[in-house]
Amino acid sequence: MQIKSKLPSVGTTIFSVMSKLAAEHSAINLSQGFPNFDCADLLKERVNFHMTAGKNQYVPMAGLPILREKIANKVKLTYSATVNPETEITITAGATQALFTAIAAFIQKDDEVILIEPAYDSYAPAVEVMGGKVVPYALKGPDFKINWLDFAILISSKTKMIIINTPHNPIGKTLKKSDIQKLDELTRGTDILVISDEVYEHLIYDGQVHQSVLLFPELYKRSLIVYSFGKTFHNTGWKIGYCIAPDYLSKEFRKVHQFNVFCVNSFVQYGLADFLSEASHYLELPNFYQQKRDYFSGLLEGSALKALPSEGSYFQLFDYSKISNEPDTEFAKRLTIEFGVASIPLSVFYTHPLQNNCVRLCFAKTEETLLEASKRLKCLK
Ligand code: PMP
Ligand code: GLN
């Protein structure tokens, strides 16, 4: 039978490809972003408690009410913003489903969606499946700065959506207050929607304040903001996240959500609601991960890999220009096979691959793992 693929140019994601290669060569896996340490015992205990107590049936479609209330309290504490848990928060199966659902709810055939590239790899296929068109704005290393004058040129009458991501995966940079203000100015008075991917909201370093769209009430009026508990509480495999959006946008979001997942895992939602009572569980994260960032980049100081600044996320880019001029996909493969450390090449996050001679390494690992990885990476000449 002949089938017409909706995504003819899409293969397997780089995260699966590199994790598989790492496993095949027994390499240390600093490619796919996940911690190699466990989440808190208390959280596991609460999830276990609710499962054993029989919280095993459907919960309301938009998410467990008590969890949505706890999220609204967290938002108040973190951003001094008031969101209505009834109408503005929807619990999703990770950030990936929230992103897909937000795109599916609003993007129609031939709508244009501006992506700031390198861009997380799930955005473009979701746009394309809906018949939309990706309009890339490519950032160049080593500073990867947005020039808002150049960016503005991409906005047309067909622009339906702009997707931003701060702290940024894969480059580890953060958007500053002036960046969000520019985005607000450029889209004010238009029908352009913004998806703000803020899954690394608490992984932000050197005393910076995360510039959530929730801090910008006018911009929030046309935005959908996406979060992931997997990043915040070290359990990427649980796949629970949420989307915060004004009620008129949440209403449309839920029309799609109810038919692509209905509700998500019941007892994990109960467990997370209990765990959210204690704010220190997320407020301590900048310190926790900053120590790992500094430990790892300290170990690699004086090596042939040049660390680019990581202002947030649990990723850091490393420039390998001193070692070789080969394409980053080749370099990442060789690094895995010959040196036993798996990384993610940067060029795969561009529509038109751009060579910055950089690979991404994930430092959400124990000190023991980071130390062993650094010993191997120091052998690169
Ligand atoms: N957005 C970004 C920027 C990510 O790095 C990830 C990957 N974890 C996601 C979304 C997806 O998150 P989740 O695992 O909760 O689906
Ligand atoms: N977000 C993770 C990363 O950037 C991977 C998620 C996935 O494997 N889909 O590495």
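Residues numbered from 1 in each chain as written. Chains lettered and ligands numbered in written order. Predicted model: local features only at pLDDT ≥ 70, side-chain atom pairs only at ≥ 80, totals over all residues. Heavy atoms only, no water.

A. Inspection of the sheet that holds strand 13 (residues 358–362) at higher detail. In space, the four strands of this open sheet follow the order 9-10-13-12, with antiparallel pairing throughout. Of all the strands in the sheet, just strand 9 (306–307) and strand 12 (344–345) have a single pairing partner and so form its edges. Bridge count for strand 10 (residues 315–319) against strand 13 is five bridges, and the pairing is antiparallel. Counted as the bridge partner of phenylalanine 318 is valine 359 from strand 13. Its contacts with the sheet put helix 14 (residues 328–339) on strand 12 and strand 13, and the angle it makes with strand 13 is roughly 45 degrees. (Pairing = 2+ DSSP bridges. Helix = DSSP H or I, 4+ residues; strand = E, 2+ residues; numbered from the N terminus. Contact = heavy atoms within 4.5 Å. Axes fitted to C-alpha atoms, helices over the stretch in contact; angles between N-to-C directions.)

B. Representation of the sheet that holds strand 2 (residues 89–92). Ordered by their spatial adjacency, seven strands build an open sheet running 2-8-7-6-5-3-4, and the pairing between neighbours is mixed. What marks the edges here is a single partner per strand, and that holds for strand 2 and strand 4 (133–138). Across the sheet, the mean angle from the axis of one strand to that of its neighbour is 20 degrees, orientation sign disregarded. Looking at chain direction, strand 3 (residues 112–117) and strand 5 (residues 159–165) are connected through four bridges and run parallel. What sits directly across from glutamate 112, in strand 5, is threonine 159. The strands that helix 10 (residues 247–260) touches are strand 2, strand 6 (193–197), strand 7 (223–228) and strand 8 (241–244); relative to strand 2, the one it contacts most, it runs at about 25 degrees.

C. Region of the structure containing the packing of aromatic side chains. Enumeration according to the criterion identifies 20 aromatic pairs in this entry. Pairing phenylalanine 233 with phenylalanine 275 gives two aromatic rings, centres 4.9 Å apart and planes at 85 degrees, and the pair type is edge-to-face. Linking phenylalanine 233 in the loop between helix 9 (229–232) and strand 8 with phenylalanine 275 in helix 11 (residues 266–275), this pair joins segments that are 42 residues apart in sequence. Using a relative accessible area of 3% as the deciding quantity, one classes phenylalanine 233 as buried. Ring pairing ties together the aromatic residues Phe37, Tyr200, Phe288, Tyr289, Tyr314 and Phe315, which thus form one cluster. The aromatic ring of phenylalanine 49 is capped on one face by arginine 46, whose charged end is 4.5 Å from the ring centroid. Sitting over the ring of phenylalanine 315, arginine 360 keeps its end group 3.5 Å from the ring centre. (Phe/Tyr/Trp six-rings, centres within 6.5 Å; stacked < 30°, edge-to-face > 60°. Buried < 20%, exposed > 50% of the residue type's maximum accessible area, 1.4 Å probe, protein only. Lys NZ or Arg CZ within 6 Å of the ring centre and 35° of its normal.)

D. Region of interest: the packing of helix 1 (residues 14–24) against helix 14. Running from amino to carboxyl end, helix 1 crosses helix 14 at an angle of 25 degrees, the nearest separation of the two axes being 9 Å. As judged from the angle between their axes, helix 1 and helix 14 are roughly parallel. Crossing handedness for the pair helix 1 and helix 14: right-handed. Of helix 14, the residues touching helix 1 (which contributes Met18, Leu21 and Ala22) are Ala332, Lys333, Thr336 and Ile337. Of the residues contributing to the contact of helix 1 with helix 14, the split by class is five nonpolar, one polar and one charged. (Parallel < 35°, antiparallel > 145°, perpendicular 65-115°, else oblique. Left-handed = near helix turned anticlockwise from the far one by under 90°. Nonpolar A, V, L, I, M, F, W, Y, C, P; charged D, E, K, R; others polar.)

In short, geometric facts, not functional conclusions.
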